[in-house]
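# Chain and residue survey
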Amino acid sequence: MREEISDMSEDDETGERARWAPDLSKNRSDDSDSGPGPPIGDSPPPFSDQILENVLENVLEFLTSRRDRNSASAVCRSWYRAEAQTRRELFIGNCYAVAPHRAVERFQSIKSVVLKGKPRFADFNLVPFGWGAHFEPWVKSFGAAYRHLERICLKRMSVTDKDLTIIAESFPLFKDLTLICCEGFSTFGLAVIAERCRHLRVLDLIEDYLEDEDDEVVDWISRFPETTTSLESLVFDCVSCPFNFDALERLVARSPSLQRLRVNHHVALEQLRRLMARAPQLTHLGTGTFRSGAGFGEVDPNLDLVSAFGASRSLVCLSGFREIEPEFLPAIYPICANLTSLNFSFANLTAEELNPVIRRCHNLQTFWVLDSVGDEGLQAVAETCRDLRELRVFPLDPSEDSDSSVSDIGLQFISEGCRKLRSILYFCQRMTNAAVVAMSKNCPDLVVFRLCIMGRHLPDRITGEPMDAGFRAIVMNCKKLTRLSVSGLLTDKAFEYIGCYGKLIRTLSVAFAGDSDGGLRYVLEGCTRLQKLEIRDSPFGDASLISGLPFYYNMRFLWMSSCNLSMRGCKEVARNKPNLVVEVIRDGVEEEEEEEIEAVEKLYLYRSLAGARTDAPAFVKIL
Amino acid sequence: MDNDTELRLGLPGSVEVKKPRETPQKRSSPDCTSVEDDNLDRPSAKAQIVGWPPVRSYMKNNFHLMKNKADMAGRYVKVSMDGAPYLRKVDLKNYKGYKELREALENLFGCFSLGEILRMDGKYSMEYTIAYEDKDGDLMLLGDVPWEIFLSSCKKLRIMTDALGNKDREDSK
């Protein structure tokens, strides 16, 4: 489902798990894109071998999983070449792990690129502005090499209008631009894309930050070609500036293939109705504000929302609902039974307001909601949405001391009702081990378990004990778990359990947890599939960092901030591992400081074939 | 991400300055084995830690947006007064704080003979208690929470002549 792509975590994908995991010490990384292989530029094979290679290429065309492809490329030189010729999608999980020219030399027929940049903690303001992840060197390499490139998907990259212009100019067949959590571009760049990418099917802007000044906003919607377009998906709810609504309405009217449309908050219900009338075939709709745009208190008599939704029989996914006026919710009742995905995470609803909607959503698989609905609201979800696979409960008031209305009680309800749950993200203030244990037993299919108890170091609210037991149950009972985020009061024991039982975990997020170096050690030694480890404000020091030396080549990255690291420890890691880039990031440093501070505030280390990057700003020191 | 050009006490870059810092962010020394002590003294007006809770700013910022939009739209709530024949409506956005609201209510209900009694004597009126119904449906005394929070949680206002209510307050003064 498209929603999974907005998260773009490999853990949320199905069918991408390694079918075999070679346990050779060198090749434990099974999702590395450019694994070690024979040197490029061998002499071509003799004739009969060439026939075999052609056959091989034909077969490998069908191989889509990148892990399978990496495995295939390691068989022998011939397979390496054939695989390189037939790979169509390039996935680079860390833009600094390999240099653009090297990727482009090895894979010459790429049609689709997925590229990720900043570490995830950048989303929470932990990575200073200007750190890096520039798309520019990549787009220039691609522009020169990949004439047939059709799709670019970027996550947490810095993308400029110039980069967007290069895309528009370099790829005549370009179809799909998806930007997730990116920044650096503006409506000017969007206008260039709209105007010049004549075969554009997908323009998905998801949680990006645009750089528009109020008076420099460009009317990019008007720049789409006047003819019938091939647009299938247009998502721009994060583009916060106003836009030309009439142009959008006309665009929607001449885009017969449009299936997904998500507008920004400058669209009120009257306008929404007009858009829906133009595109009754929509499957995914992101409303703007879910209130009347007319004068306050007046309802436009022409606002026939009920028939608008009634006519949209294909809708399976609804989102938006900003500034919601609940009296309009009954309009969506007719389609609730068809919905597989509902995103209420911008709607401040009470349990009472949620109830009539959710009671009709029997087929819901993905549900995002605010904790304003409380445990009672979650009970309604649990009783109705028996097929639920993914639940996210966000805090209305995202601050540490806030009063959250959801607790262990809501989690317990969900665990009892939604047995097929695979992925959960749950923000709360009060939690018990018992509820977490219950979830571990009731929802054995869990792949992603992310619990965020917002108050730091909070114990079980009933027993007063650490939350160790709850997480122990999760890693023990949820045998498919690949992603885990922990919170609450946790001792080293919790990490011992994670290391012992969390053998499939690829992504682990830790904050304000643990007692000593031992905690981190358990994880590094025990979690053999660990790829991404991000830690903040936990008492892990140099000794634990160094204990991980044998494992860092098998991981994509390690992030540690506000822990107990020092330059001595970080330097030792850098010294011992030549293919590891060790970045020490400081805040608020403009120029090089002569005196080196011994304590390391932020560490970001990652394996790389490219060596130390040359675009690092002054506040990043590469050891 | 803010330029740390202003002098302030504390470890670099770790505090989003929303409230004045009361306790410096504790970093355990290498030989300290537990950070649990941090938990023991948690003043309620604690400094906010950068990036915690881990909610993306896209999710956060929009509530400010939402609030602002609601600002422009007006926040009309019904006001009932015990004994008055009909209710009134006020736009809470018109007032900057509790004092202004009370004054406005006094003016509104001054048209009733009972209104003379609704005087302002220091913080509370003499004969009346002003309460409001919040989002959860509970009847709350006016003035306990910060104005902004009250704005978003108030559903209805009620001017009560309930002697019992008054008495409780008088006793607790």
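Predicted model, so just to flag it, every value in this text is computed and none were measured.

Let's shift gears to the environment of L305(A). All names here are of chain A. As for its position among the elements, L305 is in helix 11 (residues 305-311). When its relative accessible area of 4% is taken as the criterion, L305 is described as buried. Taking the C-alpha atoms as reference points, L305 and F328, 23 residues apart in sequence, are found 8.0 Å from one another. With near-sequence residues (within four places) excluded, L305 lies in contact with L269, R273, F290, F328 and A331.

Residues and elements named next belong to chain A. It is at 9 Å that the axes of helix 17 (residues 468-477) and helix 18 (residues 492-501) come closest, and there the two elements cross at 5 degrees. Taken together, helix 17 and helix 18 sit at an angle that is classed as roughly parallel. Judged by residue contacts, D468, R472, V475 and M476 of helix 17 engage K493, A494, Y497, I498 and Y501 from helix 18. For the contact of helix 17 with helix 18, the class distribution of residues is six nonpolar, no polar and three charged.

For the rest of this paragraph, the subject is the pattern of salt bridges. A full pass over the atoms with the stated rule returns 37 salt bridges over all chains. With its nearest N and O atoms 3.1 Å apart, the salt bridge here joins R223(A) to E195(A). In this pair, R223(A) is assigned in the loop between strand 5 (202-206) and strand 6 (233-235) and E195(A) in helix 8 (residues 187-196), connecting sequence segments 28 residues apart. A relative accessible area of 36% means that R223(A) is categorised as partly exposed. Here R56(B) ties to E207(A) by a salt bridge, and the two come within 2.7 Å at their closest N and O atoms. In this pair, R56(B) sits in the segment before helix 1 (57-73) while E207(A) sits in the loop between strand 5 and strand 6, so the two residues belong to two different chains. Judged by its relative accessible area of 17%, R56(B) falls in the buried class.

The side chains of a regular strand alternate between both faces of the sheet. Residues and elements named next belong to chain A. Counting buried residues along strand 5, five of its five residues qualify, which places the element largely inside the surrounding structure. Residues V202, D204 and I206 of strand 5 are buried on one face, and the alternating residues L203 and L205, pointing to the opposite face, are buried as well. Examined bridge by bridge, strand 4 (residues 176-180) and strand 5 share five bridges and lie parallel to one another. Looking across to strand 5, one finds that L177 is bridged to L203. Between the parallel pair strand 4 and strand 5, the chain is carried across by helix 8, and the sense of this crossover is right-handed. Of the strand pairs in this sheet, strand 5 and strand 6 are connected by three bridges, and their pairing is parallel. Bridging from a neighbouring strand, V202 pairs with S233 of strand 6.

The next point concerns the UniProt feature "domain: Transport inhibitor response" (unreviewed entry) in chain A. Using the residue numbers shown here, the UniProt feature "domain: Transport inhibitor response" (unreviewed entry) corresponds to residues 109-154 of chain A. A helix fraction of 22% and a strand fraction of 20% characterise residues 109-154 of chain A, whose end C-alpha atoms lie 19 Å from each other.

UniProt feature "domain: COI1 F-box" (unreviewed entry): in the numbering of this structure it lies at residues 49-88 of chain A. In the segment residues 49-88 of chain A, helix accounts for 75% and strand for 0%; the C-alpha atoms at its two ends are 23 Å apart.

Let's shift gears to the environment of E323(A). Structurally, E323(A) is set in the loop between strand 9 (317-319) and helix 12 (333-336). Within the local environment of E323(A), its side chain forms a polar contact with the side chain of R291(A), the two groups lying 2.9 Å apart.

A cluster of acidic side chains, namely E211(A), E213(A), D214(A), D215(A) and E216(A), defines a negative patch on the protein surface. Note on placement: D214(A) falls in the loop between strand 5 and strand 6.

This brings us to helix 13 (residues 351-358) of chain A. What helix 13 of chain A keeps buried is the set A351(A), L354(A), V357(A) and I358(A). The buried residues of helix 13 of chain A occupy an angular sector of 125 degrees when projected down its axis, which confines them to one face.

On to the confidence of the model for chain A. Model confidence for chain A is summarised by a mean pLDDT of 89, while 90% of its residues fall at 70 or above. A low-confidence stretch, residues 1-7 of chain A (pLDDT under 50), is modelled with 24 contacts involving residues beyond four sequence positions or located in other chains.

All names here are of chain A. With their axes 8 Å apart at the nearest point, helix 7 (residues 161-170) and helix 8 run at an angle of 5 degrees to one another. Put simply, helix 7 runs roughly parallel to helix 8. Every residue of helix 8 that contacts helix 7 at D161, L164, T165, I167, A168 and E169 is listed here: F188, G189, L190, V192, I193 and R196. Classifying every residue of the contact of helix 7 with helix 8 gives seven nonpolar, two polar and three charged.

Our focus in this paragraph is the sheet that holds strand 1 (residues 76-81) of chain B. Strand pairing in a sheet is mediated by backbone hydrogen bonds. Such pairs are either parallel or antiparallel. Residues and elements named next belong to chain B. The strand order across the open sheet built from five strands is 2-1-5-3-4, with neighbouring strands paired in mixed fashion. Since the sheet does not close on itself, it has two edges, and those belong to strand 2 (88-91) and strand 4 (139-141), each with one partner. Strand-to-strand, the axes of this sheet are offset by a mean angle of 35 degrees, without reference to chain direction. Sheet topology places strand 3 (residues 129-134) next to strand 5 (residues 154-160); six bridges connect them, and they run antiparallel. Note that in strand 5 the partner of E133 across the bridge is K156.

All names here are of chain A. Inspection of the entire model under this criterion finds 27 aromatic pairs over all chains. For the pair Y96 and Y606, a centre-to-centre distance of 6.4 Å together with 25 degrees between the ring planes defines the contact as stacked. Pair noted here: Y96 is in the loop between strand 1 (89-92) and helix 5 (100-106) and Y606 is in strand 20 (residues 599-607), with a separation of 510 residues, a long-range link. When sorted by exposure, Y96 lands in the same class as Y606, which is buried. On the basis of an interplanar angle of 75 degrees and a centroid distance of 4.8 Å, the ring pair of F321 and F344 is categorised as edge-to-face. With F321 in the loop between strand 9 and helix 12 and F344 in strand 10 (residues 341-344), this residue pair connects regions lying 23 residues apart in the sequence. By the burial criterion, F321 is buried, and F344 matches it. Members of the aromatic cluster, each reached through a chain of ring pairs, are Y96, F121, F124, W131, F557, W559, Y604 and Y606. R360 extends its terminal NZ or CZ atom over the ring of Y333, reaching a point 3.8 Å from the ring centre. The ring of Y96 carries the charged tip of R613 above its face, separated from the ring centre by 4.4 Å.

In this section: the state of the cysteines. Residue and element names in this part refer to chain A. Applying the stated rule across the entire model yields zero disulfides over all chains. C527 takes part in no disulfide bond, and the closest cysteine sulfur, belonging to C500, lies 9.8 Å away. Residue classification places C527 among the buried residues on the basis of a relative accessible area of 3%.

One finds F135(A), F309(A), F344(A), F367(A), F449(A) and L484(A) to be the most contacted residues of the largest nonpolar core, which totals 197 residues. In terms of residues, this core owes the most to one element, strand 18 (residues 557-566) of chain A, which gives six residues. Beyond its immediate sequence surroundings of up to four residues, F309(A) is in contact with L272(A), M276(A), L285(A), F290(A), L315(A), L318(A), A331(A), I332(A) and I335(A). By size, the runner-up hydrophobic cluster in this structure holds 23 residues, among which are Y95(B), L108(B), W147(B) and F150(B).

Reading the values: rules and limits
Residues numbered from 1 in each chain as written. Chains lettered and ligands numbered in written order. Predicted model: local features only at pLDDT ≥ 70, side-chain atom pairs only at ≥ 80, totals over all residues. Heavy atoms only, no water. Helix = DSSP H or I, 4+ residues; strand = E, 2+ residues; numbered from the N terminus. Buried < 20%, exposed > 50% of the residue type's maximum accessible area, 1.4 Å probe, protein only. Contact = heavy atoms within 4.5 Å. Axes fitted to C-alpha atoms, helices over the stretch in contact; angles between N-to-C directions. Parallel < 35°, antiparallel > 145°, perpendicular 65-115°, else oblique. Nonpolar A, V, L, I, M, F, W, Y, C, P; charged D, E, K, R; others polar. Salt bridge = Lys/Arg side-chain N within 4 Å of Asp/Glu carboxyl O. Pairing = 2+ DSSP bridges. Right-handed = clockwise from strand over helix to strand, strands pointing away. UniProt positions renumbered as here; feature names shortened; annotations may be inferred. Polar contact = N/O pair within 3.5 Å; in protein donor to acceptor, adjacent residues only side chain to side chain. Patch = residues over 30% accessible without salt bridge, like charges linked within 9 Å, V, L, I, M, F, W, Y side chains within 5 Å. Areas by Shrake-Rupley, 256 points an atom, 1.4 Å probe, with all protein chains shown as cover. Lys, Arg positive; Asp, Glu negative; His and termini not counted. Charge placed at Lys NZ, Arg CZ, Asp CG, Glu CD. Arc of directions from axis to C-beta. pLDDT = per-residue confidence, 0-100. Phe/Tyr/Trp six-rings, centres within 6.5 Å; stacked < 30°, edge-to-face > 60°. Lys NZ or Arg CZ within 6 Å of the ring centre and 35° of its normal. Disulfide = S-S within 2.5 Å. Core = buried A, V, L, I, M, F, W, Y, C linked by side-chain atoms within 4.5 Å.

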